[in-house]
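These are the residues of each chain, in order.
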Amino acid sequence: MAEPTVLRDDLDLPVRLGPHPPRRVVSLVPSLTEAVAATAPGLLVGATDWCSHPADLTVTRIGGTKNPDVPGILALEPDLVLANDEENRRPDLDALRAAGVPVWVTDIRTLDDAFRSLDQLLTAACRLPRPAWLDEAEAAWHDVRPAADGPRAVVPIWRRPWMVLGRDTFAGDLLHRLGLRLVHADHPERYPAVPLPELLASRPELVVLPDEPYRFTAEDGPEAFPDVPAALVSGRHLTWYGPSLATAPTVLRQAIEHPFVQGSLGTP
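Residues numbered from 1 in each chain as written. Predicted model: local features only at pLDDT ≥ 70, side-chain atom pairs only at ≥ 80, totals over all residues. Heavy atoms only, no water.

Scanning the chain for helices and strands turns up 9 helices and 14 strands. The globule rule puts the C-alpha radius of gyration for 268 residues at 18 Å, and the 20 Å found for the chain is close to it. Across its three principal directions, the C-alpha atoms of the chain cover 70 × 40 × 35 Å. Sequence-distant contacts in the chain: of pairs separated by 6 or more residues, those separated by 24 or more amount to 62%. Each charge sign in the chain was given a centre, from 25 positive and 37 negative side chains, and these centres are 2 Å apart. (Helix = DSSP H or I, 4+ residues; strand = E, 2+ residues; numbered from the N terminus. Rg over C-alpha atoms; globule rule 2.2 N^0.38 Å. Contact = heavy atoms within 4.5 Å. Lys, Arg positive; Asp, Glu negative; His and termini not counted. Charge placed at Lys NZ, Arg CZ, Asp CG, Glu CD.)

This part is about the packing of aromatic side chains. Counted by the stated rule, this structure contains 5 aromatic pairs. Each ring, one from Trp162 and one from Phe216, has its centre 5.9 Å from the other, and the planes form 15 degrees; the classification is stacked. Of this pair, Trp162 sits in the loop between β9 (156-158) and β10 (163-164) while Phe216 sits in the loop between β12 (206-210) and β13 (229-233), and the two are 54 residues apart along the sequence. Here the two residues Trp162 and Phe216 agree in accessibility, since each one is buried. For the pair Phe170 and Tyr241, a centre-to-centre distance of 5.6 Å together with 90 degrees between the ring planes defines the contact as edge-to-face. Separated by 71 residues along the polypeptide, Phe170 in helix α6 (residues 170-177) and Tyr241 in the loop between α8 (235-239) and α9 (248-257) bring together distant segments of the chain. For the pair Phe170 and Tyr241, one class covers both residues: buried. Put simply, the rings of Trp158, Trp162, Tyr214, Phe216 and Phe225 pair up and form one aromatic cluster. (Phe/Tyr/Trp six-rings, centres within 6.5 Å; stacked < 30°, edge-to-face > 60°. Buried < 20%, exposed > 50% of the residue type's maximum accessible area, 1.4 Å probe, protein only.)

Here you go:
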């Protein structure tokens with residue numbers, strides 16, 4: 001009889017997998033849902049309500065990333081649950097582990113982390129061939145070199161209160177590679193709350209407004225930064241680590257290089 005396999009995830013936690021490759025996978029992370037669906041769609045049996053890609057994904061929905069339906073997940077009898085240390089709550093993951101379900105947790109702070117983590121998850125944990133899209137994503141970023149004198153940028157991710165990208169974030173690493181100098185890159189917190197007057201006082205040369213987690217739009221966000229060029233960017237290309245990485249350099253650069261200026265006075 002084949003023996004179970006014990007691997008270690010990104011948190012260096014042991015994950016006891018069965019003797020056979022996983023056949024029933026539940027993903028609690030939109031990025032990982034898309035990554036598995038693009039590689040071996042038949043594996044997925046459950047995903048969160050926020051897992052919007054691929055658009056035709058037809059699996060059981062098990063709640064949100066922060067409030068998953070643990071009994072519902074257990075009812076799907078998964079042989080592997082995919083999670084992320086930042087997106088998912090540890091008590092939920094501990095409850096799944098206590099019920100005997102293997103849980104694989106990713107921890108991704110940089111682009112290099114993403115490539116390493118995705119390869120390990122797909123080829124080691126899921127025991128799949130390395131997908132072509134992962135090679136394409138690495139190739140797309142290989143020759144991206146940041147300009148030394150790129151614009152100083154603030155990157156809000158929430159409003160009321162205003163929160164921005166700080167230190168040690170995946171999205172911040174992507175923007176740095178594209179040449180931006182994040183005003184709050186050395187902040188003690190990863191996602192600090194910074195009042196709007198303080199953001200304006202930092203005199204940014206660019207404000208980058210993604211459409212998630214807060215959905216900034218041309219009518220909601222740029223008006224708070226009068227006379228500062230605003231780049232409205234795809235949150236999926238900025239914050240997701242998966243197949244979208246293959247087109248992210250082109251998509252993000254297009255938005256950054258073609259911002260617009262909102263001239264009216266803003267509101268907090």
